[in-house]
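Here is what each chain is made of, one letter per residue.
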Amino acid sequence: MKKFVIFGNPVVHSKSPQMQNAGFKHLNFDANYEKFHLENGETIKDEFLKNRFSGANITVPHKEFAFKNADIVKGIAQKIEAVNTYILEDNKVIAYNTDAPGFLKAIESFGNIKNVLLLGAGGTAKAIALALAEKNIDVTVLNRSKEKLEFFKNTNIKAFSFEDFKINNFDLVVNSTSAGLKDDFLPAPKEILDEVLKNSSFAFDCIYGKITPFLDLAKSLDNEIKDGEDMLLYQGVLAFELFTNTKADNMVIEAMRRGLKEE
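Residues numbered from 1 in each chain as written. Predicted model: local features only at pLDDT ≥ 70, side-chain atom pairs only at ≥ 80, totals over all residues. Heavy atoms only, no water.

1. Brief notes about the overall build of the protein
- In terms of helices and strands, the protein carries 11 helices and 12 strands.
- If one aligns the C-alpha atoms of the protein with their principal axes, the spans along those axes are about 55 × 35 × 35 Å.
- Taken over 263 residues, the protein has a buried fraction of 55%.
- Partitioning the intrachain contacts of the protein with sequence separation of at least 6 by distance along the chain shows that 62% fall at a separation of at least 24.
- Surface accessibility of the protein: about 12,500 Å² in total, with carbon and sulfur atoms responsible for 47%.
- Between the centroid of the 33 positive side chains of the protein and the centroid of its 37 negative side chains there is a distance of 2 Å. (Helix = DSSP H or I, 4+ residues; strand = E, 2+ residues; numbered from the N terminus. Buried < 20%, exposed > 50% of the residue type's maximum accessible area, 1.4 Å probe, protein only. Contact = heavy atoms within 4.5 Å. Areas by Shrake-Rupley, 256 points an atom, 1.4 Å probe, with all protein chains shown as cover. Lys, Arg positive; Asp, Glu negative; His and termini not counted. Charge placed at Lys NZ, Arg CZ, Asp CG, Glu CD.)

Here is the structure:
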């Protein structure tokens, strides 16, 4: 039996195991997928190899550690400098980022989006920002501190801290931070969010399975809202294809969606 895992801190809330295991079961693929609470992201490769995992997903806050520790990084992940998927091939750790295409698939239901405000500057934000930029969608990053904005400026993406941000009009506002995951915090000051969300049409939160304070505020200001379930599903499907070396058809995808919705 092949062993797969999701590394994170926190990880107890993750629904990836029930989603991936539902896919394995549908395919009769002999594998099991579990959660792994990892405190120190620098040890991620060692833990992956020591436990003889065939593949892994990586969630907050370890995506950049996972990038640095991988033997080989493929695709858009090279630009993003953050990965969310590990595969073991010939005793080497091969890393990918399925967040970027997973996010683009998840926002298709919003229709034609031209400009986006992205809250946060971590690994998920990097994936989303570059995915949007590759599609020629105008993206602006807004983060609490200036220190983490260098990456975006180096890739020609507009980036501001709370103190130097000037209000503008955006079609879509995206929360990529963990604000609202285990608390009642907003991802940016309420006075900024109030002004931005009054003029936007759509709000997306990468957190899934709950209406966060951010989505609640967006809905009260007449935005169409969406949580991160579809992003989780589609990035998970892409990881599943790497894990199993198969193309997931609609039946597999729906099996994984059902698994995701299980309590």
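2. Concerning the pattern of salt bridges
- With the rule as written, the count across this model stands at 17 salt bridges.
- In this structure, K50 engages E47 in a salt bridge whose closest nitrogen and oxygen atoms are separated by 3.4 Å. Pair noted here: K50 and E47 are both in helix α2 (residues 44-50), with a separation of three residues, about one helical turn.
- The class for K50 is exposed, based on a relative accessible area of 61%.
- Through salt bridges with shared partners, a single ionic network connects K226, E229, D230, E254, R257 and K261. (Salt bridge = Lys/Arg side-chain N within 4 Å of Asp/Glu carboxyl O.)

3. A look at the sheet that holds strand β8 (residues 138-143)
- Ordered by their spatial adjacency, six strands build an open sheet running β9-β8-β7-β10-β11-β12, and the pairing between neighbours is parallel. Lying at the two open borders of the sheet, with one neighbouring strand each, are β9 (158-161) and β12 (224-226). With direction set aside, neighbouring strand axes in the sheet form an average angle of 20 degrees.
- Pairing of strand β7 (residues 115-119) with strand β10 (residues 172-175) involves four bridges; the strand directions are parallel. What sits directly across from V116, in β10, is L172. (Pairing = 2+ DSSP bridges. Axes fitted to C-alpha atoms, helices over the stretch in contact; angles between N-to-C directions.)

4. Let's talk about the packing of aromatic side chains
- One pass over the full model with this rule turns up 14 aromatic pairs.
- A connected cluster of aromatic rings, assembled from ring pairs, spans F4, F24, F29, Y33, F240 and F243.
- Above the ring of Y234, the side-chain terminus of K105 is found at 5.6 Å from the ring centroid.
- Positioned over the ring face of F151 is K126, at 4.8 Å from the centre of the ring. (Phe/Tyr/Trp six-rings, centres within 6.5 Å; stacked < 30°, edge-to-face > 60°. Lys NZ or Arg CZ within 6 Å of the ring centre and 35° of its normal.)

5. Thoughts on the environment of V11
- Here V11 is to be found in the loop between β1 (2-8) and α1 (16-27).
- Each C-alpha atom, one on V11 and one on L149, is 26 Å from the other, the two residues being 138 residues apart in sequence.
- Beyond its immediate stretch of four places on either side in the chain, V11 contacts I6, K35, F36 and H37.

6. Let's talk about the environment of F53
- For F53, the position within the fold is in the loop between α2 and β3 (55-58).
- Residue classification places F53 among the buried positions, given a relative accessible area of 8%.
- Taking the C-alpha atoms as reference points, F53 and V5, 48 residues apart in sequence, are found 7.2 Å from one another.
- Once residues lying within four places of it in the same chain are set aside, the contact partners of F53 are K3, F4, V5, F7, F36, E47, F48 and L88.

7. Quick word on unusual backbone geometry
- Between N9 and P10 the backbone carries a cis peptide bond, its omega angle lying at 10 degrees.
- The linkage connecting V60 with the following residue, P61, adopts the cis geometry, with an omega of 0 degrees.
- Mapped onto the elements, P61 comes out in the loop between β3 and α3 (63-69).

8. Some points on the packing of helix α5 (residues 99-106) against helix α10 (residues 229-244)
- Relative to each other, α5 and α10 sit at 135 degrees, their axes nearing to 8 Å. One way to sum up the angle between α5 and α10 is to call them oblique. Relative to α10, α5 is oriented so that their crossing is right-handed. Across the interface between the two elements, D99, P101, G102, F103, K105 and A106 from α5 touch D230, M231, Y234, Q235 and L238 from α10.
- Along the lines of polarity and charge, the residues of the contact of α5 with α10 split into six nonpolar, two polar and three charged. (Parallel < 35°, antiparallel > 145°, perpendicular 65-115°, else oblique. Left-handed = near helix turned anticlockwise from the far one by under 90°. Nonpolar A, V, L, I, M, F, W, Y, C, P; charged D, E, K, R; others polar.)

9. Considering the sheet that holds β3
- Spatial strand order, β2-β1-β3-β5-β6-β4: six strands in an open sheet with mixed pairing. Looking at the sheet topology across the chains shown, the edges are occupied by β2 (31-37) and β4 (72-73).
- Relative to strand β5 (residues 85-89), β3 runs antiparallel, the two being bridged by three bridges. If you follow N57 over to β5, its bridge partner there is T85.
- Packed on one face of the sheet, α1 meets β1, β2 and β3 and runs near 170 degrees to β2.

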